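# Chain and residue survey
Spelled out, the chains give:
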Amino acid sequence: MPMETILQSPVLKLRNNICLTGDELESLGVSPTNLQCFTYYHYVLYQKGNKRIILKPLPHDLYKVIRIYDFISA
């Protein structure tokens, strides 16, 4: 009877005030939007499905989650 090992990686859930790397955001399926409206305020707007995530870029490819909200098109 072969022995099997199940490896579980920690699940990163998006929530306010956590810092993630660009690679972690990509692995979660979070991608940048094409909107430039947050450039003046030094924030970036990312999306995942109908969720919008406002991130604050930090040094060393880190991003701090500022706010997550549902996007409803007009």
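Preceding block: the structure.
Report on the accompanying structure. Owing to the predicted nature of the structure, the values given are computational and were not obtained by experimental measurement. (Residues numbered from 1 in each chain as written. Predicted model: local features only at pLDDT ≥ 70, side-chain atom pairs only at ≥ 80, totals over all residues. Heavy atoms only, no water.)

Now for the side chain of Arg 52. Assignment of secondary structure puts Arg 52 in strand S4 (residues 51-58). The side chain of Arg 52 is buried and forms no salt bridge, while Asp 70, the nearest opposite charge, is found at 8.5 Å. Within the structure, Arg 52 has its side chain in polar contact with the backbone oxygen of Gly 49 (distance 3.1 Å). In this structure Arg 52 touches Thr 33, Leu 45, Tyr 46, Gln 47, Arg 67, Ile 68, Tyr 69 and Phe 71, once residues within four positions along its chain are discounted. (Helix = DSSP H or I, 4+ residues; strand = E, 2+ residues; numbered from the N terminus. Buried < 20%, exposed > 50% of the residue type's maximum accessible area, 1.4 Å probe, protein only. Lys, Arg positive; Asp, Glu negative; His and termini not counted. Salt bridge = Lys/Arg side-chain N within 4 Å of Asp/Glu carboxyl O. Polar contact = N/O pair within 3.5 Å; in protein donor to acceptor, adjacent residues only side chain to side chain. Contact = heavy atoms within 4.5 Å.)

The next point concerns unusual backbone geometry. For Asn 17, which is not glycine, the phi torsion reads 70° and is therefore positive. Following the sequence through the fold, Asn 17 ends up in the segment before strand S1 (19-21). Of the residues examined, Asn 17 reaches a relative accessible area of 57% and is grouped as exposed. Positive phi outside glycine occurs at His 60, with the angle close to 65°.

Right, let's talk about the sheet that holds strand S2 (residues 31-32) for a bit. Across the sheet, which stays open at both edges, the five strands sit in the order S1-S5-S4-S3-S2 with antiparallel pairing between neighbours. At either margin of the open sheet sits one strand with a lone partner, and together these are S1 and S2. One ladder, built from five bridges, connects strand S3 (residues 44-48) with S4; its direction is antiparallel. Following the sheet pairing, Lys 48 is matched in S4 by Lys 51. (Pairing = 2+ DSSP bridges.)

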